[in-house]
Amino acid sequence: MADPYQNNTYQQQGGDSYGTYGEGGGPDGYGYPSQEEDAASDATEGHDEEDQMYEGEYQGIPHPDEVKAAQRAARAKARAARNAVSELEELSEQYEEIMEDCGHGKFQWTLFVVLGLALMADGVECFVVAFALPSAEKDLCLSNAEKGMLGLIVFVSMMVGAFLWGGLADKVGRRRCLIVALAINCIFSFLSSFAQGYGFFLFFRLLSGVGIGGTVPIVYSYFSEFLQMDKRGEHLSWLCMFWMIGGIYASFTAWGIIPRYGWGFSMGSEFQFHSWRVFILVAALPAITSLVGLTFMPESPRFLLENAKHDEAWMILKQVHDTNWRAKGQPEKVFTVTHIKAPKTAEDEFIEIQTATGTPVQRWAVRSLTLCKLVRRNAHFALLIQFSLGHSYYGLSVWFPDMIKHLQYEEYKSRVKVIERVENFHFNFSLENQIHKEGEYINDKFMHIEMRSVKFEDSLFEDCRFEDIRSTDTVFENCTIRSTVFYNTDLWQDKFVNCRMDNTTFEHNKHGCHLDNAEENDVLIYLVSFLGSLAVLPGNIISALFMEKIGRVKIIGGSMLISAGCTFFLFLSFSQAAIIALQCLFFGVSAAAWNGIEVMTVELYPASKRATAFGVLNALCKLAAVLGSSIFASFVGVTKAVPILLSFAALTCGGLVALKLPDTREKILQ
């Protein structure tokens, strides 16, 4: 049988040989023609090699080329000590050496910004609905159940997106899938800002979330394949910082736009475009910017090699090499790679044989079963760690602001005014935070006023007139209403609980819901979000600086155990300031754990399954977020013990399991 790789070899200047791919120097091949002549001409063009002297020579600092050569010699020695080296391992080592030759420079930093903006868009998506909801609930007439569904749909759609786009990225390419995913997010975010009904708004936000859900698994897989081993942990950790920037961006734009109720327009009563819709449009800018930037970026060469597209991969690697060395002022550096070997594993051949026959269901089952085996074989602990951290982090992310709102409400209730038996009075001023008990309102007029948090209990209204009333959280309970007119009000039937009405009329009721012009703790809400996002900064910096020094395992395990300890301080959270401080502490510590997990997930899986496995784990994390946010929110105002103990147990378990993960610090990307 003919060797399927006899025409696929890699050669590198310096004597290393890895077989043959194509014919170097031919017009149809991508061998680098006349290397020695080209290198000589480039080197002598306004440059004298003999005049060059490494500036660290007098300080006893080894030249970077010497360090690189020593690392390669060590890997070659380790490879020789092994009885057999698979073709996948051989390709991985070859690719690592190519990336070392390409260096780390302008190309990686450009890609860093472009992909960072995509990650920033993911961070923004998590906040958009939460910030817009207080205004949207009035504009769209949302019930509590509908508000809960909108909050839930964010994580559900991102879960679906992570699973879908992760798998597609390993089949059709990282860049292509990321472009399509971001385009879907941008399109449906734009449409959601104009949706006038709850159904359309929910549908468009669902599709928007499916699009943005693919960014995390694709971005990390994509960027890691342009990084050499000693740069990977640090720069992937710096990349995580863009998620924090997304939260800060969302907080600032929401604070600056949503309270500006004049930033909108209306076309009659059927089409309203208020300031919260402007915020949704502005929130899509990071995704749009990243989408534009991606059109100038190439596909991952490692993905292309896995799919036998050697020529394209060679051209992209040469582009990376030349871009970096020109930016460093060394255009004479020659890309010495002539041919690249791209083996195919026996497992892939088996899958292709199995999926080439049978029904579509059988083909899907074969691929799904293979993927499950891969995930279980490589990192079965990663599933538990992602779930435990996602459950606690996102659960507490909902619990912190809800607890602050609960404390605000309790404080508000403590200042309530109880008014009894008001008779023959003309109300021409707004009513707020009042309870009217057993009042008798005879020939009273309520004219051109606002009612905020007002409750009428066991009261009698006779021959009264309510005109031009706007209300928020106002209710009539066990009241008797006789010969009373409600003209141009938003007091509908659901505001009257167990009330008896005789000869009462409702004329020209306000249609739709109307925005409340008064700010309700806007500053504090946005400030809490901003501080929570900013608190992630120390965790990002520490993890980036120490990821390569102390390793991923200790970063993940240590951060999760410290986060577990932080949760016990929540028993002392009796004030808003205490909750905000503990929120910042928890987010700052857990950020390091997240960064370690993202880096390790990239390193645990081979290139052919990396984005798929990452997508599965990220989807599981979003499922944990759905469960955590739902469970924790249900205990707000009931008890602190359950959320605190659940978080402590999950984080402790995850932290201990993390210590059993393999150390991938000095592992070549497979």
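Rules and cut-offs
- Residues numbered from 1 in each chain as written.
- Predicted model: local features only at pLDDT ≥ 70, side-chain atom pairs only at ≥ 80, totals over all residues.
- Heavy atoms only, no water.
- pLDDT = per-residue confidence, 0-100.
- Helix = DSSP H or I, 4+ residues; strand = E, 2+ residues; numbered from the N terminus.
- Contact = heavy atoms within 4.5 Å.
- Pairing = 2+ DSSP bridges.
- Axes fitted to C-alpha atoms, helices over the stretch in contact; angles between N-to-C directions.
- Patch = residues over 30% accessible without salt bridge, like charges linked within 9 Å, V, L, I, M, F, W, Y side chains within 5 Å.
- Areas by Shrake-Rupley, 256 points an atom, 1.4 Å probe, with all protein chains shown as cover.
- Salt bridge = Lys/Arg side-chain N within 4 Å of Asp/Glu carboxyl O.
- Buried < 20%, exposed > 50% of the residue type's maximum accessible area, 1.4 Å probe, protein only.
- Core = buried A, V, L, I, M, F, W, Y, C linked by side-chain atoms within 4.5 Å.
- Parallel < 35°, antiparallel > 145°, perpendicular 65-115°, else oblique.
- Left-handed = near helix turned anticlockwise from the far one by under 90°.
- Disulfide = S-S within 2.5 Å.
- Phe/Tyr/Trp six-rings, centres within 6.5 Å; stacked < 30°, edge-to-face > 60°.
- Lys NZ or Arg CZ within 6 Å of the ring centre and 35° of its normal.
- Nonpolar A, V, L, I, M, F, W, Y, C, P; charged D, E, K, R; others polar.
- Expected span 1.5 Å × (residues − 1).
- Bend = angle between axes of the 7 residues up to and from the residue.
- Polar contact = N/O pair within 3.5 Å; in protein donor to acceptor, adjacent residues only side chain to side chain.

**Q** Sorry, what's going on with the confidence of the model for the chain here?
**A** Low-pLDDT stretches of the model should not have their predicted coordinates read in fine detail. Averaged over every residue, the pLDDT of the chain is 78; the share at 70 or more is 76%. In the model of the chain, strand β2 (residues 17–18) stands out as the element of lowest mean pLDDT, 38, in contrast to helix α11 (residues 285–294), which has the highest, 95. Note that pLDDT drops below 50 for residues 349–353; the model gives that stretch 6 contacts with residues more than four away or on any other chain.

**Q** Looking at this structure, I do not really get the sheet that holds strand β8 (residues 440–442). What am I missing?
**A** By definition, the strands of a sheet pair up through backbone hydrogen bonds, in either a parallel or an antiparallel sense. In spatial order, the strands read β8-β10-β13-β16; together these 4 strands make up an open sheet with parallel pairing. The sheet is open, and its two edges are formed by β8 and β16 (500–502), each paired on a single side. For this sheet, the mean angle separating the axes of adjacent strands, direction not counted, is 5°.

**Q** How should I be thinking about a nonpolar patch on the surface in this particular structure?
**A** A contiguous nonpolar surface patch, about 640 Å² in accessible area, is contributed by Phe-568, Phe-569, Phe-571, Leu-572, Phe-574 and Leu-645. Along the polypeptide, Leu-572 turns up in the loop between α18 (552–568) and α19 (576–604). Take Leu-572: its relative accessible area is 56%, and that puts it in the exposed class.

**Q** Looking at this structure, how should I read the pattern of salt bridges?
**A** A pair can form between side chains of opposite charge whenever their charged atoms are brought close. Taken as a whole and assessed by the stated rule, the structure comprises 15 salt bridges. In this structure, Arg-232 and Glu-603 form a salt bridge, with 2.8 Å as the shortest nitrogen-oxygen distance. Taken as a pair, Arg-232 in helix α9 (residues 229–257) and Glu-603 in helix α19 lie far apart in primary sequence, 371 residues in all. Across the pair, exposure class does not vary: Arg-232 and Glu-603 are buried alike. Across the pair Glu-603 and Arg-552 runs a salt bridge, and its minimum N-O distance is 2.6 Å.

**Q** It is not clear to me how the nonpolar core should be interpreted in this structure. Could you clarify?
**A** Buried together is how nonpolar side chains tend to be arranged in soluble globular proteins. Formed by 140 residues in total, the largest nonpolar core has its most connected members in Tyr-220 and Phe-279. It is helix α4 (residues 106–139) that contributes the most residues to this core, 19 residues altogether. In this structure Phe-279 touches Val-128, Phe-131, Ala-132, Ala-250, Thr-253, Ala-254, Ile-257 and Ile-258, once residues within four positions along its chain are discounted. By size, the runner-up hydrophobic cluster in this structure holds 18 residues, among which are Tyr-441, Phe-446, Phe-466 and Leu-491.

**Q** I keep staring at unusual backbone geometry and nothing clicks. Help me out?
**A** Glycine aside, a negative phi is what most residues show, and trans is what most peptide bonds show. Of note, Asn-443 is a non-glycine position whose phi angle comes to about 55°, a positive value. Its place among the elements puts Asn-443 in the loop between β8 and β9 (445–457). In this structure, His-448 takes a positive phi of about 55° despite not being glycine. Relative to the assigned elements, His-448 resides in strand β9.

**Q** Explanation requested: the packing of α4 against α9 in the structure shown.
**A** The relative placement of two packed helices comes down to the angle between their axes together with the axis-to-axis distance. Contact geometry of α4 with α9 gives a least axis separation of 7 Å together with a crossing angle of 40°. One finds that α4 runs oblique with respect to α9. Between α4 and α9 lies a crossing whose hand is right-handed.

**Q** Explain the state of the cysteines to me, please; I cannot follow it from the model alone.
**A** Disulfide: a covalent bond formed between the sulfur atoms of two cysteine residues. Evaluation of the coordinates by the stated rule reveals 0 disulfides. Cysteine Cys-621 shares no disulfide, and the gap to the nearest cysteine sulfur, in Cys-126, comes to 9.7 Å.

**Q** When you look at the packing of aromatic side chains in this model, what are you seeing that I'm missing?
**A** What characterises a pair of aromatic rings is the spacing of the ring centres plus the angle enclosed by the ring planes. One pass over the structure, following the stated rule, counts 47 aromatic pairs. Look at Phe-155 and Tyr-394: their rings are 5.1 Å apart centre to centre, the planes differ by 65°, and that puts the pair in the edge-to-face class. Residue Phe-155 is located in helix α5 (residues 144–172), and its partner Tyr-394 is located in helix α15 (residues 360–414); the two are separated by 239 residues in the primary sequence. As far as burial versus exposure is concerned, Phe-155 and Tyr-394 are alike and both buried. A centroid spacing of 5.8 Å and a plane angle of 5° characterise the contact between Tyr-220 and Phe-614, whose relative ring orientation is stacked. Here Phe-614 lies in helix α20 (residues 610–634) and Tyr-220 lies in helix α8 (residues 215–224), a separation of 394 residues in the sequence. For the residue pair Tyr-220 and Phe-614, the accessibility class agrees, reading buried in each case. Counting every residue linked through ring pairs, the aromatic cluster contains Phe-427, Phe-429, Tyr-441, Phe-446, Phe-456, Phe-461, Phe-466, Phe-476, Phe-486, Phe-496 and Phe-506. The ring of Trp-325 has Lys-328 sitting right over it, with the charged end atom 4.6 Å from the ring centre.

**Q** Explanation requested: the pairing of β9 in the structure shown.
**A** Successive residues of a regular strand alternate their side chains across the two faces of the sheet. In terms of strand pairing, strand β6 (residues 426–427) meets β9 through 2 bridges, oriented parallel. Note that in β9 the partner of Phe-427 across the bridge is Phe-446. In this structure, strand β7 (residues 431–437) lies alongside β9, joined through 6 bridges in parallel fashion. Within β9, the position partnered with His-436 by the bridge is Phe-456.

**Q** Just to check I follow, could you spell out the side chain of His-104 for this structure?
**A** Summarising the element assignment, His-104 is placed in the loop between α3 (87–102) and α4. Overall, His-104 belongs to the buried group, its relative accessible area being 15%.

**Q** Where do I start with the environment of Phe-155 in this structure?
**A** For Phe-155, a relative accessible area of 10% puts it in the buried group. The contacts of Phe-155, once residues within four sequence positions are left out, are Tyr-394, Lys-622, Ala-625 and Val-626.

**Q** In this structure, what is going on with the packing of α18 against α19? I would like to understand it.
**A** At a closest axis distance of 8 Å, the pairing of α18 and α19 adopts a crossing angle of 150°. Our classification of the angle between α18 and α19 gives roughly antiparallel. The chirality of how α18 crosses α19 is left-handed. Seen from α18, the contacting residues are Arg-552, Val-553, Ile-555, Ile-556, Ser-559, Met-560, Ile-562, Ser-563, Cys-566 and Thr-567; seen from α19, they are Leu-585, Phe-586, Val-589, Ser-590, Ala-592, Ala-593, Gly-596, Ile-597, Val-599, Met-600 and Glu-603. Partitioned by chemical class, the residues of the contact of α18 with α19 number 14 nonpolar, 5 polar and 2 charged.

**Q** Would you mind going over α5 with me for this structure?
**A** Residues spaced three or four apart along an α-helix point in a common direction, a consequence of the helix completing one turn every 3.6 residues. Between the first and last C-alpha of α5 there are 42 Å, a value that for 29 residues agrees with the 42 Å anticipated at 1.5 Å per step. The sharpest bend along α5 comes to roughly 30°, located at Ile-153. Phi turns positive one or two residues past the end of α5, at Gly-173, with a value near 120°.

**Q** Would you mind showing me how to read the side chain of Ser-208 here?
**A** Mapped onto the fold, Ser-208 is located in helix α7 (residues 198–212). The class for Ser-208 is buried, based on a relative accessible area of 0%. Among the polar contacts listed, one links the side chain of Ser-208 to the side chain of Ser-189, at a separation of 2.9 Å. Sequence-distant contacts of Ser-208, defined by excluding residues within four places in its chain, comprise Glu-125, Asn-185, Phe-188 and Ser-189.

**Q** Is there a simple way to think about the environment of Met-451 in this case?
**A** You can see Met-451 is positioned in strand β9. Residues Met-451 and Phe-429, 22 residues apart in the sequence, show an inter-C-alpha distance of 9.3 Å. Among all residues touching Met-451, those that are not within four sequence positions of it are Leu-431, Phe-446, Phe-456, Phe-466, Ile-469, Arg-470, Ser-471, Thr-472 and Thr-474.

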